[in-house]
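In case you want the letters, here they are:
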Amino acid sequence: MTKNLPDLIPDTELILPPQAERTLPNGLTVLAIRRAAVPLVEVRLRIPFGRAPLGPATLLSQALFTGTGSMTMLDIAAELQAVGGSLGAGLDPDRLQIGGNALAGGLGRMLEILSGVLTDATYPGEEVVTERERLVDNIQVALSQPSHLARVALLKRMFGEHPYGVQTPTPEEVRAVEPEALRALHADRVRPAGAILVLVGDIDPEQSIDVAEKMLGGWSGTARDGDIPPTPALVPGPLLLVDRPGSVQSSLRVALPAPTRTDPDYAALTLANLVFGGYFSSRWVENIREDKGYTYGPHAVIEHFAAGSSLLAAAEVATEVTGPSLLETTYELGRIASLPPGEEELEQARRYALGTLRLGMSTQGGLASLATVYAGFGLRLDHLREHSARLAAATQEDVAAAAAKYLAPSRAVTVVLGDADKIEAQLSALTSVERGAQ
């Protein structure tokens with residue numbers, strides 16, 4: 001099958017937009033970037049939150065905007081809407097994340113409202129109960145989804161007792177959280193020292209930082225140490241089979257080691273992963289989707305946390321072809337790890353990688369998200385130039401070496417969730433298997 005990608009002009013010089021940076025006296029770092037495509041401003045705030053108690057931290061992220069000493073939840077929403085804006089919060093294993101946008105002229109008011117939430121959130125009892133029940137419902141729905149259960153099992157298998165081993169609280173943990181616990185956690189952890197605010201849009205960078213300092217300068221304090229220890233090395237072993245009786249499909253998950261964003265191997269592994277399974281034209285997708293029809297959307301991605309990185313491959317396959325799907329996955333990993341990619345397929349992957357980098361920063365929202373992710377790892381947009389140059393320069397030999405180092409199937413940690421009575425014999429014919437509970 002011929003797959004000619006359009007020319008995305010990846011070889012032209014990467015021009016970064018005007019930007020400014022300042023660390024405020026309270027310890028908050030503000031990055032402001034001008035991208036005047038539309039008269040909006042994107043706001044992203046990341047607050048270190050590693051090792052926070054999972055149940056309270058997850059509920060805090062859902063209930064953060066339920067009220068302050070002077071504004072109800074409805075007041076906050078109405079005031080944000082008045083400047084064409086909205087704000088929401090979420091949580092990952094490393095950080096509390098707040099994000100939204102507004103009309104560029106409303107930046108000051110949006111940050112003023114945000115300041116009130118950061119310094120004076122009250123977590124009213126009735127609203128907290130509502131958010132708690134909503135979160136419990138969402139978790140219970142997730143616990144019925146094979147993809148969620150497979151990820152839960154994989155994370156536990158990968159990380160064991162490390163803080164990353166469990167990333168979703170149980171319904172019981174959430175139900176036990178009272179408003180006072182949220183107020184205490186907020187006072188303890190929602191602090192500016194080490195936090196990063198990113199502003200992207202139709203703004204003057206220096207002036208917007210002045211506005212941020214004026215509105216957020218009263219936010220103060222240093223949070224409890226939330227540093228997370230480095231992730232443990234992946235330990236290959238028997239395939240973990242998690243039983244889900246009656247399931248009509250199996251969730252196949254494979255974890256492999258991966259370097260950090262700044263490692264010299266990272267660009268070459270990015271290309272190796274694209275050739276293996278990282279985009280639609282990859283070998284794995286062509287094998288088990290296009291050729292054999294075992295699955296609809298297999299994908300492989302390099303996932304980064306503050307304390308370590310890994311490569312995760314995922315596919316949902318019909319129960320009766322679980323064994324063959326694992327066989328083909330192992331075959332494709334072995335092939336990329338032992339043979340250099342063809343020149344044409346490498347160039348196709350390279351063009352895709354360079355093109356998607358540029359597409360990712362072509363909108364205000366995309367640029368804000370990219371800058372925020374980079375900032376969370378101590379990087380700035382200048383890193384794009386270095387990473388792009390490494391992608392452009394990586395040779396077939398470089399990609400082959402990275403694949404051999406990271407993608408060899410002997411280094412894989414594998415989890416399959418499905419009807420064990422129907423698939424265990426298929427899997428045992430290929431590898432050693434141990435059963436685990438949901």
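The structure presented is a predicted model; accordingly, all values stated were derived computationally and were not measured.

Caption draft 1: Geometry of the nonpolar core. Counting residues in hydrophobic clusters, the biggest one holds 63 residues, and the most contacted among them are L269, L271, L381, L384 and L407. In this view, L384 contacts L14, L16, L357, M361, L370 and Y374; residues no more than four positions away in its chain are not counted. Core analysis: the second largest hydrophobic core is formed by 51 residues, L28, L111, V128 and V136 among them.

Caption draft 2: How the structure looks around the sheet that holds strand β4 (residues 86-91). In spatial order, the strands read β1-β2-β6-β3-β5-β4; together these 6 strands make up an open sheet with mixed pairing. Taken across any chain shown, the strands that pair with only one partner, and hence form the sheet edges, are β1 (19-23) and β4. For this sheet the average axis-to-axis angle between neighbouring strands, irrespective of direction, equals 15 degrees. Pairing analysis gives 6 bridges linking strand β2 (residues 29-34) to strand β6 (residues 196-201), with the strands arranged parallel. Across the sheet, residue V30 finds its bridge partner in β6, namely L197.

Caption draft 3: Just the pattern of salt bridges, in detail. Scanning the model with the defined rule gives 30 salt bridges in all. Of the charged contacts in the structure, one is a salt bridge between R46 and D92, with a shortest N-O distance of 3.1 Å. Highlighted residues: R46 in strand β3 (residues 40-48) and D92 in the loop between β4 and β5 (95-103), separated in sequence by 46 residues. Salt bridges sharing partners connect three or more residues here, namely R22, E206, D210 and E213.

Caption draft 4: Spotlight on the packing of aromatic side chains. Here the structure, examined in full by the defined rule, presents 4 aromatic pairs. Relative to F305, the ring of Y164 has its centre 4.7 Å away and its plane inclined at 45 degrees; by these criteria the two rings are tilted. A residue pair is termed long-range when its members are at least 10 positions apart, and Y164 in the loop between α5 (146-159) and α6 (171-175) and F305 in strand β9 (residues 299-305) qualify at 141 residues. The class of F305 is buried, set by a relative accessible area of 10%. Summarising the aromatic geometry, the rings of F276 and W284 are spaced 5.3 Å apart at their centres and angled 15 degrees between planes, so their arrangement reads as stacked. Accessibility assignment for this pair places F276 and W284 in one class, buried. Taken together, the aromatic side chains of F159, Y164 and F305 make up a single cluster linked through ring pairs. Its guanidinium or amino end placed over the ring of F49, R189 lies 5.3 Å from that ring's centre, counting from NZ or CZ. In this structure, R289 packs its charged tip against the face of Y296, placed 4.5 Å from the ring centre.

Caption draft 5: Structural view of the side chain of H304. Within the fold, H304 resides in strand β9. Within the local environment of H304, its side chain forms a polar contact with the side chain of Y266, the two groups lying 3.1 Å apart. Polar side-chain contacts of H304 include one of 2.7 Å to the side chain of S309. With sequence-adjacent residues up to four places away left out, H304 is seen in contact with P259, T260, R261, Y266, S309 and F377.

So, how was this worked out
- Residues numbered from 1 in each chain as written.
- Predicted model: local features only at pLDDT ≥ 70, side-chain atom pairs only at ≥ 80, totals over all residues.
- Heavy atoms only, no water.
- Core = buried A, V, L, I, M, F, W, Y, C linked by side-chain atoms within 4.5 Å.
- Buried < 20%, exposed > 50% of the residue type's maximum accessible area, 1.4 Å probe, protein only.
- Contact = heavy atoms within 4.5 Å.
- Pairing = 2+ DSSP bridges.
- Helix = DSSP H or I, 4+ residues; strand = E, 2+ residues; numbered from the N terminus.
- Axes fitted to C-alpha atoms, helices over the stretch in contact; angles between N-to-C directions.
- Salt bridge = Lys/Arg side-chain N within 4 Å of Asp/Glu carboxyl O.
- Phe/Tyr/Trp six-rings, centres within 6.5 Å; stacked < 30°, edge-to-face > 60°.
- Lys NZ or Arg CZ within 6 Å of the ring centre and 35° of its normal.
- Polar contact = N/O pair within 3.5 Å; in protein donor to acceptor, adjacent residues only side chain to side chain.

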